[in-house]
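What the coordinates show
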Amino acid sequence: MADTKAKEATISVKVIVDKVNKRVVYAEADYTFVDILFSFMTLPLGTIVWLLEKHDDKKFEGLGSLKNLYQSLENCPESYLPTEECEYMLLNLRTLAYDHCRNLKLQIDNTEPLKYFQCDVCRKGYPIKSVFGTCTTTKCITYGKLVDKDVGFKKTDVCVSGGGVFVSDIGAFIVTDDLCVMPYTSANSIRLLTDHGITDQSCLEDIKLDMGREEVS
Ligand SMILES: [Zn+2]
């Protein structure tokens, strides 16, 4: 689980609203919010299904087939899988970007880090072939013993420079409601206002939104 501090963190976004037509024109955000948006690209399909199935929202009805696929794997009889670890691995997949995402200001993907296990022979350190597993109910392919000795989780060192995880902190960003992200520049701002047919900026209002994990999700 994400630590308490990360859970309680909030991100502020300034939303530019067209008061006359009662619509959002765009949002101004810093790198912390854009980092989270870009982190969506790193999520395994199974994690996306797992996260979105908690939302009772018609927008996610298109996920129906993927939910079926996820549940089919969950319900697949053990005898139809080569090892129990196959199901566990597919339902708990972690990508190479997992450790990077641990550095996001808000943890959208609050899945647990993968743990690694060995059988008691491999754990003693003199194996013919040392084997690791991620599921404690599987057997070591070298010694045939249960792979149930926790060898811990080693967090990969990730290079974080420039303030952010996936973007640097040198400037602000514009985010539209259909998730177009672009640097905050006068040209981009004016173009979006023009696209919305707005010529009189007095019809605009700024609304500050503080969002926690739930709101961003
Ligand atoms: Zn072993």
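Going by the structure above, here's the rest.
Before going into details, it helps to say that this report is about the structure given with it. As the structure is a prediction and not an experimental result, all values here were calculated from the model.

1. A closer look at the overall build of the protein chain
From N to C terminus, the protein chain includes nine helices and seven strands. Out of the 217 residues in the protein chain, the part that is buried amounts to 36%. With an accessible surface of roughly 13,600 Å², the protein chain has 55% of that area assigned to carbon and sulfur atoms.

2. Notes on the coordination of the zinc ion
Bound to the zinc ion on the protein side are Cys119 (SG), Cys122 (SG) and Cys140 (SG), at distances that span 2.2 Å. Counting gaps between the donor residues of the zinc ion yields the pattern C-x2-C-x17-C. Of this pair, cysteine 119 sits in the loop between strand 3 (117-118) and helix 7 (120-123) while cysteine 140 sits in the loop between helix 7 and strand 4 (149-150); the two residues are 21 residues apart in sequence, bridging distant segments of the chain.

3. Description of the packing of helix 3 (residues 45-52) against helix 4 (residues 64-75)
At their nearest, the axes of helix 3 and helix 4 sit 10 Å apart, and the two run at 105 degrees to each other. Accordingly, the angle class assigned to the pair helix 3 and helix 4 is roughly perpendicular. Between helix 3 and helix 4, the contacting residues are Leu45, Gly46, Val49 and Trp50 on the first element and Leu66, Lys67 and Tyr70 on the second. When its residues are assigned to classes, the contact of helix 3 with helix 4 shows five nonpolar, one polar and one charged.

4. Quick look at a nonpolar patch on the surface
Taken together, the side chains of Met89, Leu90 and Leu93 define a hydrophobic patch exposed on the protein surface, amounting to about 270 Å² of accessible area. Structurally, the position occupied by leucine 93 is in the loop between helix 5 (84-91) and helix 6 (98-101).

5. Details of the layout of surface pockets
Space inside the largest pocket adds up to approximately 730 Å³. Along the wall of the largest pocket there are 25 residues; nearest its centre are Leu37, Phe40, Glu215, Val216 and Ser217. Looking at the lining of the largest pocket, the elements with two or more residues in it are strand 1 (11-18), strand 2 (23-29), helix 2 (31-39), helix 3, strand 7 (204-211) and helix 9 (213-216). Per-element tally for the lining of the largest pocket: the top contributor is helix 9, with four residues. In terms of residue class, the lining of the largest pocket is built from 17 nonpolar, three polar and five charged.

6. Section: the packing of helix 4 against helix 5
Between helix 4 and helix 5, whose axes approach to 10 Å, the crossing angle comes to 150 degrees. Judged on the interaxial angle alone, helix 5 and helix 4 are roughly antiparallel. For the pair helix 4 and helix 5, the sense of crossing is left-handed. Counted together, Tyr70, Leu73 and Glu74 of helix 4 and Glu87, Leu90 and Leu91 of helix 5 form the full contact between these two elements.

7. A closer look at the sheet that holds strand 5 (residues 173-175)
Across a sheet, strands are paired by hydrogen bonds formed along the backbone, either parallel or antiparallel in direction. Pairing in this open sheet of five strands is antiparallel, and the strands run 6-5-2-1-7 from one edge to the other. Edge strands, defined here as strands with exactly one partner in the open sheet, are strand 6 (181-183) and strand 7. Along the sheet, successive strands turn relative to each other by an average axial angle of 30 degrees, direction set aside. One ladder, built from five bridges, connects strand 1 with strand 2; its direction is antiparallel. Among the inter-strand pairings, lysine 14 is bridged to a residue of strand 2, identified as glutamate 28.

8. Observations regarding the pattern of salt bridges
Oppositely charged side chains may form a pair once their charged atoms are brought near each other. Tallied over the full model, the rule gives six salt bridges. A salt bridge links aspartate 195 to arginine 191; its shortest N-O distance comes to 3.5 Å. Of the two residues, aspartate 195 and arginine 191 are both situated in helix 8 (residues 186-195); the distance of four residues between them amounts to about one turn of the helix. The exposed category is assigned to aspartate 195, whose relative accessible area is 55%. Aspartate 210 is paired through a salt bridge with lysine 208; the nearest N and O atoms lie 3.8 Å apart. By relative accessible area, which is 60% here, lysine 208 ends up exposed. One salt-bridge network, in which partners are shared between bridges, spans Lys14, Glu28 and Asp206.

9. A look at the nonpolar core
Counting 23 residues, the largest nonpolar core has Ile11, Val13, Phe33, Ile36, Leu106, Val175 and Val216 as the members making the most contacts within it. Secondary structure elements with two or more residues in this core: strand 1, strand 2, helix 2 and strand 5. Those residues within four positions of phenylalanine 33 in sequence are excluded, and the remaining contacts are Ile11, Val13, Val175, Met211 and Val216. Tyr26, Ile174, Met182 and Leu193 belong to the second largest nonpolar core, which has ten residues in total.

Procedures and definitions
- Residues numbered from 1 in each chain as written.
- Predicted model: local features only at pLDDT ≥ 70, side-chain atom pairs only at ≥ 80, totals over all residues.
- Heavy atoms only, no water.
- Helix = DSSP H or I, 4+ residues; strand = E, 2+ residues; numbered from the N terminus.
- Buried < 20%, exposed > 50% of the residue type's maximum accessible area, 1.4 Å probe, protein only.
- Areas by Shrake-Rupley, 256 points an atom, 1.4 Å probe, with all protein chains shown as cover.
- Donors = N, O, S within 2.8 Å, 3.2 Å for Na, K, Ca; no water.
- Axes fitted to C-alpha atoms, helices over the stretch in contact; angles between N-to-C directions.
- Parallel < 35°, antiparallel > 145°, perpendicular 65-115°, else oblique.
- Contact = heavy atoms within 4.5 Å.
- Nonpolar A, V, L, I, M, F, W, Y, C, P; charged D, E, K, R; others polar.
- Patch = residues over 30% accessible without salt bridge, like charges linked within 9 Å, V, L, I, M, F, W, Y side chains within 5 Å.
- Salt bridge = Lys/Arg side-chain N within 4 Å of Asp/Glu carboxyl O.
- 1 Å grid on protein atoms, 1.4 Å probe; cavity = no way out; pocket = protein on both sides within 12 Å on 5 of 7 lines; lining within 4 Å.
- Points joined across faces, edges and corners; volume = space filled by probe spheres on them.
- Left-handed = near helix turned anticlockwise from the far one by under 90°.
- Pairing = 2+ DSSP bridges.
- Core = buried A, V, L, I, M, F, W, Y, C linked by side-chain atoms within 4.5 Å.

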